Amino acid sequence: MIIAIDGPAASGKGTLARRLARHLGRPHLDTGLLYRAVARDLLDRREPLSDPDIATRAAGSLDLAGLDDPRLRSRDMGEAASIVSAFAGVRETLLGFQRRFAGQEGGAVLDGRDIGTVVCPEADLKFYVTATPEERARRRQRELAQSGEPSDFADVLADIQRRDARDQGRPNAPLKMASDAILLDTTELDAEAAFREALGIVESRMRA
Ligand code: CDP
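A brief structural summary. (Residues numbered from 1 in each chain as written. Predicted model: local features only at pLDDT ≥ 70, side-chain atom pairs only at ≥ 80, totals over all residues. Heavy atoms only, no water.)

Some thoughts on the site of the ligand
Heads up, the condition is: When we say a residue is near a molecule or strand, we mean one of its heavy atoms is within 4 Å of it. Pairing of N or O atoms within 3.5 Å defines a polar contact, subject to two protein rules: one partner must be a possible hydrogen donor and the other a possible acceptor, and residues neighboring in sequence count only if both atoms are side-chain atoms. Only the protein chains shown count as cover for residues, and the accessible areas themselves come from Shrake-Rupley with a 1.4 Å probe. A cavity, in this analysis, means grid points on a 1 Å lattice covering only the protein atoms where a 1.4 Å probe fits yet has no way out; a pocket is instead an open set bounded by protein on both sides within 12 Å along at least five of seven lines, and a residue lines either one if it has an atom within 4 Å of a point. Think of it this way: if more than half of a molecule's atoms are within 2 Å of a pocket's grid points, that molecule is in the pocket or cavity. Working definition: helices are DSSP H or I runs of at least four residues, strands are E runs of at least two. Numbering for both runs from the N terminus. Residues are sorted three ways: Asp, Glu, Lys and Arg are charged, Ala, Val, Leu, Ile, Met, Phe, Trp, Tyr, Cys and Pro are nonpolar, and all the rest, Gly among them, are polar.
Taken together, 18 residues sit near the ligand, with Arg-36, Arg-91, Arg-140, Arg-163 and Asp-167 positioned nearest. Between Asp-114 and the ligand, the recorded distance is 3.0 Å, taken from a side-chain N or O atom to a nitrogen atom. Take Arg-163: an N or O atom from its side chain is 2.6 Å from an oxygen atom of the ligand. In isolation the ligand has 530 Å² of accessible area, and contact with the protein removes 95% of it. Its atoms largely coinciding with the cavity grid, the ligand occupies the largest pocket. Elements that contribute at least two residues to the shell around the ligand include exactly α2 (32-44), α4 (75-84) and α8 (153-169). For the shell around the ligand, the element with the most residues is α2, which contributes three residues. Here the residues of the shell around the ligand sort into four nonpolar, five polar and nine charged.

Keep in mind these numbers describe shape, not what the thing actually does.
Laid out in structure tokens, this is it:
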């Protein structure tokens, strides 16, 4: 079974994807890490984030074994990722890997922005996970504090709103809910409640 989970920044899609994958015993790919890693490589090489050709080359030479680098989780890397992820060449270069990951025997859980719309339009189950920008900013601020990066609430909220606008407004694979996705608004749900609700839907789909 292929499960596609999309949604805006800090909506809880990553946590949900990880928990579902662990529960089902299936592999999980956080596709945001791919874009974050492209941005990290450019920054490390002191290359511009704004040049589509240079960014596409960086995507082509990405070391897929290095996705557990803790630096990828920083606030700056999220911002930089949303710049390079707007380039068609970068997205196309990373598409094959994502599709192969999804296509492995027994399926997989992938989370991102365009999994249900572009990467796996044939996914067996699609969730669109969202929450209000304020609640997402609170969560992101908490996560950043836990990873030793304290931040100001107003700044984090502004980051999230800017990133939403960029991800939704780009012409290439913009963030949007697939027409056959199930909407999961987690504003009032903690991680456990969101997981329980999604798991109930997965299990009833598996029985069908
Ligand atoms: O965790 P958070 O939602 O903040 O970020 P992420 O999922 O790691 O994604 C970082 C950035 O990568 C997003 O703002 C998107 O611009 C981009 N991205 C994308 O374009 N397509 C994906 N499938 C995943 C991420």
